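# Observations on chain architecture
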Amino acid sequence: MRMTAFMRKMQQVLCVLLPCALQLCCANTQQVVVCTGTQNGLSMTGNSEIQYNLMKERYNNCNIVMGNIEVNMMEHTRDFSFLQSIKEVTGYVLIAVNQFSRLPLDNLRLIRGTTLYDDRYALAVMINYQKYGQHGLQELGLTNLTEILEGGIKIIQNKYLSYAPQVNWLDIVKDTSAHILIEDNGPEKPCNEACQDVPCWGSGSNSCQTLTKTICAPQCNSRCFGRNPNECCHIECAGGCKGPLDTDCFACKNFNNSGSCVPQCPQTLIYNKHTFEMEHNPNAKYQYGSICVAHCPKHFVVDGSSCVSSCPADKTEVKKNGVKRCEPCKGLCPKVCKGSQAGQSVDANNIDSFINCTKIQGSLNFLVIGIMGDEYNQIPALNPEKLKVFNTVEEITGFLTIQSWPESLSDLSVFSNLRTIQGRTLYKGVSSKRGYALLIMRIKSLTSLGLRSLKRINDGNIYITRNENLCYSNTVNWTRIMNTSSHPKKATIKENRPQKECVKAGLVCDPLCSSDGCWGPGPDHCVSCKNSRGGTCVPDFMFVTGTTPVQRVAARRQRSNRQMKRSSNHILPLVRSPEKQEDNAQLMPLHA
């Protein structure tokens, strides 16, 4: 069915609303899914089963990977069909020490190489075969890969990989001086007859390499869709195209603005040549990776015309009209500190790096090897007094996990000023599709949480379990704290101290607390108050009726006078000896 002008216009409007990074997405008006890659190198998270499940959750239905794809140490029986949706990787692709025969990245068009493996390679494929057996990588499956913007290629020691060395890699890498290392792979095999004189990725007729650079006419500045001078791609295209327009690109070299590849997104300020002034641009968009978006994702911050995960050192994060922005600090900036590395614990060696921090850029892990010490790495046990450095922390942009804690501490009050956990990165060590922003488990010494300032968890789930002496946590109205506007969140609070035992021991919320619960004993640990004055929970009888300050003062005076009158009616003369009668008269009630 032919598309009418109205339908095309409506399609363009819809595309403006969707963060599309590829023309194909815009043409189908389907939202592009952006996911976060990994940065583990050759290391693994747990065994291969855990690693595989984490990959499947991370990349299923993903179109653009912000970061790296790392596939390591996988058996030949694994199904990687969930990778077929990926069209772009901003970092590098690492495929190492696997046994499967083919990795189905058939729709991957572009590797940007913003981060490189070994600081050199955008694509690294190494040692993918079974040492004692016949399984191993035979085909790369990168049948649509047409450009690598930065970095080189390393394909070594793949015993059964026969076709990769035959690929014309110089047609793919943008930088002709990029290092290309291809050696010790399988014997060459002939391509399908359908490929004719074109290299191939595998044995099938649909595995012929698509050339978009080395076949181009001299008039073309970058890529092309044919050999003729009038078959050049637009200068903003990356990875080739299907026509000469900026809307015909397979991917964008810089930014995708609703299906058009552009050098920059529409700026927030534009020059008015009539008034000679800079004015707000009503059609402004922000840079989010390689995409132009009308609004930054919920957990990112606006810095000028870009969506950033954190503000630079000379700026601080503020919220205006519901939008988080980076603005220059007034005086000294709040101190931003990097959180724990992946799998690393806060320990005696690194805890001083958190002194005076107000914001943790990243996450905090408290593990046994950090709290109890790590003899193998010569890290001593952590002095509990040192944990007081976290008294200044008000925000954590990632997650907070506590899987070990000093026995001398019965709460987490060192985080008593923590107000926000953003959940921009989530803990995936426990089975959860969304991951956890707050995890506290198996801490025997905990009797209360003590997180009395915590007001918001923007993304991620909560998991508090098997803390056998912990009370109060099940009283907290977690839905008040969790942001449930974008997708459902879950607070799992289980297998802590039974509520009946807590009540019997008197470990219950103060009567001044509202039904939102509490973080611990006393009115200063209420999540919210039944009645408050100046941020402090107070009894309701402390509230004086009256609609104006003058009326309230008058009411207080009247009540004070009534109390004095009632009191005076009950004062009796003091019995004194006769010689003290004169003194006694001075002590008589005023009405006597």
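From a predicted model like this one, the values you see are computed outputs, not experimental measurements.

## Some remarks on the overall build of the protein chain
Summing up its helical and strand segments, the protein chain has 8 helices and 34 strands in all. Evaluated residue by residue, the protein chain yields a buried proportion of 46% over its 592 residues. Contacts in the protein chain between residues far apart in sequence, at least 24 positions, make up 58% of those at least 6 positions apart. Carbon together with sulfur atoms contributes 51% to the accessible area of the protein chain, which is approximately 31300 Å² in total.

## Considerations on the state of the cysteines
According to the stated counting rule, one finds 16 disulfides in the structure shown. With its sulfur 2.0 Å from that of its partner, Cys252 forms a disulfide with Cys261. The sign of the S-S torsion, about -75°, decides the handedness of the disulfide formed by Cys252 and Cys261: left-handed. Of the residues examined, Cys252 reaches a relative accessible area of 1% and is grouped as buried. Residue Cys261 is classed as buried on the basis of its relative accessible area, which comes to 3%.

## Comments concerning helix α3 (residues 48-59)
Over its 12 residues, α3 runs 16 Å from end to end, which matches the ideal 16 Å to within 8%, given 1.5 Å per residue. The secondary structure elements touched by the buried residues of α3 are β1 (34-36), β2 (64-66) and β3 (69-72). Between the side-chain oxygen at the start of α3 and the backbone nitrogen of Glu49 there is a gap of 3.1 Å, and the oxygen is on Asn47. A positive phi of about 65° marks Asn61, the residue just after α3.

## Remarks on the sheet that holds strand β25 (residues 364-366)
Ordered in space as β25-β27-β29-β31-β32, the 5 strands form an open sheet in which the pairing is parallel. Across the chains shown, the open sheet's two edge strands, defined by having one partner strand only, are β25 and β32 (491-494). Taking each pair of neighbouring strands and ignoring which way they run, the sheet shows an average axis angle of 5°. As paired elements, strand β29 (residues 436-441) and strand β31 (residues 461-465) share 5 bridges and run parallel to each other. Bridge assignment links Ile440 to a residue of β31, and that residue is Ile464.

## Remarks on the sheet that holds strand β4 (residues 88-89)
Spatially, 5 strands are ordered β1-β2-β4-β6-β8 in an open sheet, and the strand pairing comes out parallel. The strands lining the two open edges of the sheet, one partner per strand, are β1 and β8 (147-148). Note: strand β6 (residues 110-111) against β8, 2 bridges, orientation parallel. Looking at the pairing, Leu110 lines up with Glu147 of β8.

## As for the nonpolar core
Core analysis: the largest hydrophobic core is formed by 42 residues, its most contacted members being Phe366 and Phe390. Put simply, the parts of the chain that give this core at least two residues each are β25, β27 (400-402), β29, β31 and α5 (478-481). Counting residues per element, this core draws most heavily on β29, which supplies 3 residues. With 38 residues, the next largest nonpolar core counts Ile69, Phe82, Leu123 and Ile153 among its residues.

## Structural notes on unusual backbone geometry
If you check the backbone angles, Met73 has positive phi at about 55° while not being a glycine. Relative to the elements of secondary structure, Met73 occurs in the loop between β3 and β4.

## Here's the deal with the side chain of Ser473
Positionally, Ser473 belongs in the loop between β31 and α5. Here Ser473 falls in the buried class, since its relative accessible area comes to 2%. Discounting chain neighbours no more than four positions away, the residues touching Ser473 are Leu449, Trp478, Ile493 and Asn496.

## Thoughts on the environment of Gln157
Here Gln157 shows up in the loop between β9 (152-156) and β10 (180-183). For Gln157, a relative accessible area of 35% corresponds to the partly exposed category. Remark: the alpha-carbon pair of Gln157 and Tyr129, spanning 28 residues in sequence, is separated by 8.4 Å.

## Topic: the environment of Asn254
For Asn254, the position within the fold is in the loop between β12 (249-252) and β13 (255-257). Classification of Asn254 by relative accessible area gives partly exposed; the value is 29%. For the pair formed by Asn254 and Glu236, sequence separation is 18 residues and the distance between their alpha carbons is 6.8 Å. The contacts of Asn254, once residues within four sequence positions are left out, are Arg112, Glu236, Val262, Pro263 and Ser290. A polar contact of 2.8 Å, which involves the side chain of Asn254, links it to the side chain of Glu236.

## Details of the pairing of strand β15 (residues 269-272)
Look at any regular strand and the pattern is simple: side chains alternate between the two faces of the sheet. Pairing of β15 with strand β16 (residues 277-280) involves 4 bridges; the strand directions are antiparallel. Counted as the bridge partner of Leu269 is His280 from β16. In this structure, the hairpin formed by β15 and β16 is closed by a connection of 4 residues, where Phe276 is found at a positive phi of approximately 60°.

## Considering a nonpolar patch on the surface
Together, Leu42, Met73, Val97 and Ile127 make up an exposed nonpolar region whose accessible area comes to about 290 Å². Structurally, Val97 is set in the loop between β5 (93-96) and β6. For Val97, a relative accessible area of 39% puts it in the partly exposed group.

## Thoughts on the pattern of salt bridges
All chains considered together, the criterion is met by 18 salt bridges. The residue Asp459 makes a salt bridge to Lys489 at a minimum N-O spacing of 3.9 Å. Here the residue Asp459 occupies a position in the loop between β30 (456-457) and β31, and Lys489 occupies one in the loop between α5 and β32, the gap between them amounting to 30 residues. Like Asp459, the residue Lys489 is buried in the burial classification. A single network of salt bridges, built from pairs that share partners, joins Glu49, Glu75 and Arg78.

## Considering the confidence of the model for the protein chain
Chain-level pLDDT for the protein chain is 85 on average; 84% of the residues reach the 70-or-more range. Contacts from residues 1-30, a stretch scored under 50 in pLDDT, to residues over four places away or in other chains number 44 contacts. Contacts of residues 566-592 to residues separated by more than four positions or lying in other chains number 8 contacts, the stretch itself having pLDDT below 50.

## A few points about the side chain of Thr212
Mapped onto the secondary structure, Thr212 falls in the loop between β10 and β11 (237-241). Polar side-chain contacts of Thr212 include one of 2.8 Å to the side chain of Arg223. For Thr212, the residues in contact, after removing those within four places along its chain, are Thr146, Asp171, Ser222, Arg223, Cys224, Gly239 and Gly240.

## Some remarks on the environment of Ile95
Along the chain, Ile95 turns up in strand β5. Relative accessible area serves as the criterion here: at 2%, Ile95 is assigned to the buried category. Along the backbone, Ile95 and Asn72 are 23 residues apart, and their C-alpha atoms lie at a distance of 5.9 Å. Those residues within four positions of Ile95 in sequence are excluded, and the remaining contacts are Val71, Phe100, Leu103, Ala124, Val125, Met126 and Asn128.

Rules used throughout
- Residues numbered from 1 in each chain as written.
- Predicted model: local features only at pLDDT ≥ 70, side-chain atom pairs only at ≥ 80, totals over all residues.
- Heavy atoms only, no water.
- Helix = DSSP H or I, 4+ residues; strand = E, 2+ residues; numbered from the N terminus.
- Buried < 20%, exposed > 50% of the residue type's maximum accessible area, 1.4 Å probe, protein only.
- Contact = heavy atoms within 4.5 Å.
- Areas by Shrake-Rupley, 256 points an atom, 1.4 Å probe, with all protein chains shown as cover.
- Disulfide = S-S within 2.5 Å.
- Expected span 1.5 Å × (residues − 1).
- Polar contact = N/O pair within 3.5 Å; in protein donor to acceptor, adjacent residues only side chain to side chain.
- Pairing = 2+ DSSP bridges.
- Axes fitted to C-alpha atoms, helices over the stretch in contact; angles between N-to-C directions.
- Core = buried A, V, L, I, M, F, W, Y, C linked by side-chain atoms within 4.5 Å.
- Patch = residues over 30% accessible without salt bridge, like charges linked within 9 Å, V, L, I, M, F, W, Y side chains within 5 Å.
- Salt bridge = Lys/Arg side-chain N within 4 Å of Asp/Glu carboxyl O.
- pLDDT = per-residue confidence, 0-100.

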